[in-house]
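Architecture at a glance
Residues per chain, in single letters:
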Amino acid sequence: MSIFPSLTGSEYEEDEVQYNQICEKHKHLLETLPKGRGWRTQHLYNYNGFWLGPMTLNANLLLHTYFKCEPTNIILASFMKSGTTWLKALMFSTLNRDRYSFSNHYLHNNSPQSTFPYLDAESYPMTDFTTFSAPRLFATHFARTLLPACMSSCKFVYVCRDPKDVLVSKWHFMSKLRSKDLPPLSFDEAFELFCLGVSEFGPFWEHVLSYWRASLESPDKILFLRYEELKKQPEVVVRKLADFMGKPITMEEEKKGVVGEIIKLCSFENLRNLEINKKGVDKFGKLVEVEKQGFFRKGEIGDWKNHLSEEMKDRINGIIEQKFLGSGLIGFSE
Ligand code: A3P
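Calculation criteria
Residues numbered from 1 in each chain as written. Predicted model: local features only at pLDDT ≥ 70, side-chain atom pairs only at ≥ 80, totals over all residues. Heavy atoms only, no water. Near = heavy atom within 4 Å. Polar contact = N/O pair within 3.5 Å; in protein donor to acceptor, adjacent residues only side chain to side chain. Areas by Shrake-Rupley, 256 points an atom, 1.4 Å probe, with all protein chains shown as cover. Helix = DSSP H or I, 4+ residues; strand = E, 2+ residues; numbered from the N terminus. Nonpolar A, V, L, I, M, F, W, Y, C, P; charged D, E, K, R; others polar. Buried < 20%, exposed > 50% of the residue type's maximum accessible area, 1.4 Å probe, protein only. Pairing = 2+ DSSP bridges. Axes fitted to C-alpha atoms, helices over the stretch in contact; angles between N-to-C directions. Parallel < 35°, antiparallel > 145°, perpendicular 65-115°, else oblique. Contact = heavy atoms within 4.5 Å. Core = buried A, V, L, I, M, F, W, Y, C linked by side-chain atoms within 4.5 Å. Disulfide = S-S within 2.5 Å.

In the nomenclature of an unreviewed UniProt entry, the chain corresponds to Sulfotransferase from the organism Mikania micrantha.

Have a look at this one:
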């Protein structure tokens, strides 16, 4: 398959030149950007204030060159391990609730990761996005400020989570993906790196702030959600999502219990126990394969209590309080 399926003839040649220029720029950046220790790969690179792995850095360059923004696009944005899988399932099933019956649903036979693509996967130009019908859903872990400016016309759903649970979840997840050629990353080392802001797509607080600030500027364009509120009041969040995506839950649907069906379908217990999510891998870009079951670990609020000492908790809470001071963001340091 051609890398640029929508291009032909001279257009293709022109783009091949452009593609080669991106490869050159990528190579140059890898040689010149500040380096930090990676959780999965050996190194991370500080690009415009955020730490990216070599492949996601390339994906970002590709995104800026090739992505065609459309105002109807809805982007799910999150820092890794904040509830992306859950939101993918919820957004997809809420938006497509007329297309599938809850007794024979797409998600019964396909993983939540397959519902819509990540913009951060390196294979970006291989995906012919023109085949998706509006509104098109995409996911990204890039901070808001790393996305193309044209995306200010798109809608965003941002989900964030207690950083202490994010840290624990991310350490478990990345430890499994970490190259066997590298020494393991201990939890203490991961904690230290997290506090310094050095982790894929981080610093965590800058990531959250990038979307929080954007949501203050354009409240109608960004729906800012928290994993914890979703756990406590899923029905409120599903209604919000439906409204935000332009497909409010009707009175008739309320009577039929559609909100409850969506929540049940996308619940941790249901998704984790489906055969499709127990075996096999999800593929991201050209090289990264992740075991499907790796996306479902505990699905709880507060698992950090099993990993962090009092001192560690106080340190992260202190950093968050200081970084979020005056921003209006509260409730992250409990
Ligand atoms: P834990 O590792 O704390 O269990 P992401 O999808 O952004 O990678 O986040 C993964 C985290 O969300 C994991 O957290 C995972 O268990 C949890 N998760 C996945 N699906 C979920 C669901 N349907 N409901 C609640 N939590 C879910």
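Let us now look at the site of the ligand. In the vicinity of the ligand, 18 residues are found, and the nearest of them are T84, T85, S169, K298 and G299. Residue T85 places a side-chain N or O atom 2.5 Å away from an oxygen atom belonging to the ligand. In this structure, R161 approaches the ligand through a side-chain N or O atom, which is 3.0 Å from an oxygen atom. With the chains in place, 98% of the 570 Å² that the ligand exposes on its own is no longer accessible. Listing elements by their share of the shell around the ligand, those giving two or more residues are α3 (84-95) and α12 (268-273). With 3 residues, α3 is the largest single contributor of residues to the shell around the ligand. Split by residue class, the shell around the ligand holds 7 nonpolar, 7 polar and 4 charged.

What follows is about the pairing of strand β9 (residues 288-291). Only one face of β9 is covered, namely the one carrying V288 and V290; the face carrying E289 and E291 has none of its residues buried. Here strand β8 (residues 281-284) pairs with β9 via 4 bridges, running antiparallel. Within the sheet, the bridge partner assigned to K283 lies in β9 and is E289. Hairpin connection between β8 and β9: a loop of 3 residues separates the two successive antiparallel strands, and G285 in this loop has a positive phi of roughly 65°.

Moving on: the packing of helix α9 (residues 234-244) against helix α11 (residues 258-265). For the pair α9 and α11, the least separation of the axes is 10 Å and the interaxial angle reads 105°. Classified by the angle their axes make, α9 and α11 are roughly perpendicular. Each of P234, E235, V238 and R239 in α9 lies in contact with α11, whose residues at this interface are V259, I262 and I263.

So, about the nonpolar core. With 108 residues, the main nonpolar core has M91, V157 and L241 as its most contacted residues. Not counting chain neighbours up to four residues away, the residues in contact with M91 comprise I74, L76, F116, L137, V157, L241 and M245.

One open sheet accounts for 4 strands, arranged β5-β4-β6-β7; its pairing is parallel. Each of the sheet's edge strands pairs with one partner strand only, and the pair in question is β5 (137-140) and β7 (222-226). The mean inter-strand angle of the sheet, taken between neighbouring strand axes irrespective of direction, is 20°. Note: strand β6 (residues 155-160) against β7, 5 bridges, orientation parallel. Looking at β7, one finds that V157 is bridged to L223. Contacting β4 (74-78), β5, β6 and β7, α3 runs over the sheet at an angle of about 160° to β4. Strands in contact with α9 are β6 and β7; relative to β7, the strand with the most contacts, it is inclined by about 165°.

Next up on the list: the sheet that holds strand β3 (residues 50-52). Spatially, 3 strands are ordered β1-β2-β3 in an open sheet, and the strand pairing comes out antiparallel. Of all strands in the sheet, those bounded by a partner on one side alone are β1 (35-37) and β3. The average angle at which neighbouring strand axes cross in this sheet is 40°, direction not considered. Pairing analysis gives 3 bridges linking strand β2 (residues 43-47) to β3, with the strands arranged antiparallel. Looking at the pairing, N46 lines up with W51 of β3.

Moving on to the state of the cysteines. Disulfide: a covalent bond connecting the sulfur atoms of a pair of cysteines. Summed over the entire model, instances satisfying the criterion amount to 1 disulfide. One disulfide bridge connects C69 with C150, the sulfur atoms lying 1.9 Å from each other. With C69 in the loop between α2 (54-66) and β4 and C150 in the loop between β5 and β6, this pair connects stretches of sequence that are 81 residues apart. Take C160: it sits in no disulfide, and the sulfur closest to it among the cysteines is that of C195, at 18 Å. The exposure class of C160 is buried, given its relative accessible area of 1%.

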